[in-house]
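As a plain string of letters, each chain reads:
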Amino acid sequence: METEGLREFYSAHQPRLVGVISLLTGSRAEAEDIVQEAFVRLVPRWEKVSRYEAPEAWVRLVALRLAANRHRDGNRFTQLFHRLPAEHVPDPADRYSGDLEQALAGLPMPTRQVVVLHYVCDLSVAQVADALGIAEGTVKSRLSRARDTLSDSLLLRSDDHA
Amino acid sequence: MPDLQDDLQALADRRAAESTGDFDSVLTTARTRKRRRTAGLTVIGAAAVVGAVAIVPTLRPAANNVPVAESPVPTNAVAPPKVETIPSTKPSPKAGALGLKSTVAAAGGQFVATFPDKQVRAATFSLSSASKPDVALYTLVAKIPGDATTPYAIRMGGEMGIAMPSYNGPGPYTLAMPKNLPAGSYRVCTLSGALLCGLVTVS
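How each quantity is defined
- Residues numbered from 1 in each chain as written.
- Chains lettered and ligands numbered in written order.
- Predicted model: local features only at pLDDT ≥ 70, side-chain atom pairs only at ≥ 80, totals over all residues.
- Helix = DSSP H or I, 4+ residues; strand = E, 2+ residues; numbered from the N terminus.
- Buried ≥ 20, exposed ≤ 12 C-beta atoms within 10 Å, placed from the backbone.
- Contact = placed C-beta atoms within 7 Å.
- Nonpolar A, V, L, I, M, F, W, Y, C, P; charged D, E, K, R; others polar.
- Bend = angle between axes of the 7 residues up to and from the residue.
- Axes fitted to C-alpha atoms, helices over the stretch in contact; angles between N-to-C directions.
- Parallel < 35°, antiparallel > 145°, perpendicular 65-115°, else oblique.
- Left-handed = near helix turned anticlockwise from the far one by under 90°.
- Pairing = 2+ DSSP bridges.
- Core = buried A, V, L, I, M, F, W, Y, C linked by C-beta atoms within 7 Å.
- Domains from an automatic or database assignment.

Details of the overall build of chain A
Part 1 of the argument: Helix and strand content of chain A: eight helices and zero strands.
Part 2 of the argument: Beginning at the N terminus, the succession of helices and strands in chain A can be written as α-α-α-α-α-α-α-α.
Part 3 of the argument: In chain A, which comprises 162 residues, the share counted as buried stands at 33%.
Part 4 of the argument: Looking at chain A alone, contacts between residues at least 24 apart form 63% of all its contacts between residues at least 6 apart.

This is how it looks when you write it as structure tokens:
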């Protein structure tokens with residue numbers, strides 16, 4: 001196995017991927033766990049994935065799905081026991097809890113995925129639709145709803161600064 | 001919406017800058033999982049081999065339809081015909097010579113048999129064709145002193161239920177040939193004691 005190549009790839013993409021996934025999870029620690037898991041899954045497939053045009057897209061998609069799975073499982077757990085609060089609670093260890101992040105956390109996970117891929121990973125609508133396996137129209141509608149929600153938080157923040 | 005994009009990018013960059021990663025732990029975790037997977041497959045493979053070894057004798061047809069001990073599979077319900085090796089005829093013991101005073105007798109006629117060994121025997125004899133000595137045709141009851149009904153012949157398979165006299169003596173015995181007995185050579189043998197036989201020709 002080409003460990004050195006994989007190590008360089010990890011060093012180059014792991015931090016950025018943690019940043020992207022943390023926007024989905026709302027927690028940097030959880031994002032680090034998810035990204036770590038995605039890279040663990042990459043190790044036995046590195047020989048094949050490294051020949052892809054964009055290996056980082058493979059890891060990002062794995063991490064994205066892991067985050068969605070955790071979110072879904074977490075929701076099930078919450079609904080089952082009714083003990084954990086349904087709304088997002090920022091991790092105090094993250095030391096960052098801005099209006100934008102709170103607004104992002106208020107979006108449904110599918111919408112958050114679309115927003116992150118489009119605005120943070122710079123994927124086009126078509127690429128987002130392809131990556132998530134959904135129609136472009138769905139991507140557009142989710143982006144539209146997300147913009148409405150997030151722009152409110154931006155306006156609020158602007159008002160605060162003003 | 002450049003503001004939104006810039007803000008999201010900045011947020012992601014900030015989180016990225018705070019992130020810590022450990023590539024060695026990624027490698028270690030991946031290799032541990034591979035070992036576990038290999039060990040799991042080994043265990044499954046071993047279990048499959050053990051299962052196959054246990055199943056093969058169970059599925060193998062049991063010899064002579066003998067049930068396999070604690071076998072979950074029932075043996076063939078249709079039992080094959082039981083084959084026994086039974087000799088069709090009991091090998092005839094070597095017979096001694098029965099003394100016959102007359103080797104020729106007419107059907108219904110009488111003849112006298114003696115025992116050269118002077119041994120005491122029952123007053124009953126068997127009569128069979130000389131060509132088929134193993135198939136008894138008649139039981140001959142010799143003349144018994146004081147019994148006017150004797151001597152007589154009892155057809156084998158025909159006159160069943162006739163009591164046999166339990167007289168014993170060293171001989172000689174007077175025997176009567178059955179009436180209507182076809183002419184031919186017949187074999188007369190003792191039915192008790194050492195076997196003695198002799199040939200009588202019916203004219």
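Notes on the overall build of chain B
Part 1 of the argument: Counting its secondary structure elements, chain B contains two helices and twelve strands.
Part 2 of the argument: From first element to last, N terminus to C terminus, chain B shows the α and β order α-α-β-β-β-β-β-β-β-β-β-β-β-β.
Part 3 of the argument: When each of the 203 residues of chain B is scored for burial, the buried share is 18%.
Part 4 of the argument: Here the analysis covers contacts within chain B between residues at least 6 apart in sequence; of these, 55% occur between residues at least 24 apart.

Digging into the environment of Thr150 of chain B
Part 1 of the argument: By the element assignment, Thr150 of chain B lies in the loop between strand E7 (136–141) and strand E8 (152–155).
Part 2 of the argument: With 26 residues separating them in the primary sequence, Thr150 of chain B and Ala176 of chain B have C-alpha atoms 8.6 Å apart.

Examining the interface of chain A and chain B
Part 1 of the argument: Each partner contributes to the interface: chain A provides 27 residues, whereas chain B provides 22 residues.
Part 2 of the argument: Of all the secondary structure elements, the ones that give two or more residues to the side of chain A that touches chain B are helix H1 (3–25), helix H2 (28–42), helix H5 (99–105), helix H6 (109–120) and helix H8 (136–161) of chain A.
Part 3 of the argument: Top element by residues in the side of chain A that touches chain B is H1 of chain A. It accounts for ten residues.
Part 4 of the argument: Considered class by class, the residues forming the side of chain A that touches chain B number 16 nonpolar, five polar and six charged.

Some details on the environment of Thr138 of chain A
Part 1 of the argument: Position of Thr138 of chain A among the secondary structure elements: in helix H8.
Part 2 of the argument: Here the alpha-carbon distance between Thr138 of chain A and Val125 of chain A, two residues 13 residues apart in the chain, equals 9.5 Å.

Regarding H1 of chain A
Part 1 of the argument: Remark: the principal bend of H1 of chain A, roughly 40°, maps to His13 of chain A, with a proline, Pro15 of chain A, within the next four residues.
Part 2 of the argument: Phi turns positive one or two residues past the end of H1 of chain A, at Gly26 of chain A, with a value near 80°.

A short note on the packing of H1 of chain A against H2 of chain A
Residue and element names in this part refer to chain A.
Part 1 of the argument: At their nearest, the axes of H1 and H2 sit 8 Å apart, and the two run at 130° to each other. Overall, the two elements H1 and H2 adopt an arrangement that is oblique. You can see that H1 and H2 cross each other, and the crossing is right-handed. Together, Tyr10, Gln14, Leu17, Val18, Ile21, Ser22 and Thr25 of H1 and Arg28, Glu30, Ala31, Glu32, Ile34, Val35 and Phe39 of H2 make up the contact between the two elements.
Part 2 of the argument: Per-class residue counts for the contact of H1 with H2 are eight nonpolar, three polar and three charged.

Looking at unusual backbone geometry
Part 1 of the argument: Omega for the peptide link from Thr150 of chain B to Pro151 of chain B comes to -5°, which places this bond in the cis form.
Part 2 of the argument: Topologically, Pro151 of chain B is positioned in the loop between E7 and E8.
Part 3 of the argument: The phi torsion at Asp122 of chain A lies on the positive side, around 60°, for a residue other than glycine.
Part 4 of the argument: Tracing the chain through its elements places Asp122 of chain A in the loop between H6 and helix H7 (125–132).

Considering the packing of H1 of chain A against H6 of chain A
Residue and element names in this part refer to chain A.
Part 1 of the argument: Here H1 crosses H6 at 150°, and the two axes come no closer than 9 Å. It follows from the interaxial angle that H1 and H6 lie roughly antiparallel. Between H1 and H6 lies a crossing of right-handed hand. Between H1 and H6, the residues in contact are Val20, Leu23 and Leu24 and Arg112, Gln113, Val116 and Val120, respectively.
Part 2 of the argument: Residue composition of the contact of H1 with H6, by class: five nonpolar, one polar and one charged.

Thoughts on the sheet that holds strand E10 (residues 173–176) of chain B
Part 1 of the argument: Read across the sheet, three strands follow the order E2-E4-E10 (chain B) without closing on themselves; strand pairing throughout is antiparallel. Here the strands that pair on one side only, and so sit at the sheet edges, are strand E2 (99–100) and E10 of chain B.

Considering the pairing of E7 of chain B
Residue and element names in this part refer to chain B.
Part 1 of the argument: The sheet contact formed by strand E6 (residues 124–129) and E7 spans five bridges and is antiparallel. From the neighbouring strand, Leu127 faces E7, where its bridge partner is Tyr138.
Part 2 of the argument: Where E6 hands over to E7, the hairpin turn is made up of six residues, counted between the paired strands.

Points about the nonpolar core
Considering soluble globular proteins, one finds that nonpolar side chains tend to be buried as a cluster.
Part 1 of the argument: Residues Ile21, Leu23, Val35, Ala38, Phe39, Ala63 and Val116 of chain A are the most contacted members of the largest nonpolar core, which totals 41 residues.
Part 2 of the argument: Of all the secondary-structure elements, those providing two or more residues to this core are H1, H2, helix H4 (55–81), H6, H7 and H8 of chain A together with helix H1 (2–18) and helix H2 (23–59) of chain B.
Part 3 of the argument: The biggest single contributor to this core is H1 of chain A, with nine residues.
Part 4 of the argument: If you count residues domain by domain, this core takes at least three from each of domain 1 (1–92) and domain 2 (98–162) of chain A.
Part 5 of the argument: Beyond its immediate stretch of four places on either side in the chain, Phe39 of chain A contacts Tyr10, Gln14 and Val59 of chain A together with Val26 of chain B.

Some thoughts on the pairing of strand E12 (residues 196–202) of chain B
Residues and elements named next belong to chain B.
Part 1 of the argument: Pairing of strand E1 (residues 96–97) with E12, which is carried by two bridges, proceeds in the parallel orientation. When the sheet's bridge partners are listed, Ala97 is paired in E12 with Cys197.
Part 2 of the argument: Here strand E3 (residues 104–105) runs beside E12; their pairing, made up of two bridges, is parallel. When the bridges of E12 are listed, Val104 appears paired with Thr201.
Part 3 of the argument: With six bridges joining them, strand E11 (residues 184–190) and E12 adopt antiparallel strand pairing. Pairing of Arg187 across the sheet is with Leu199, part of E12.

Keep in mind these numbers describe shape, not what the thing actually does.
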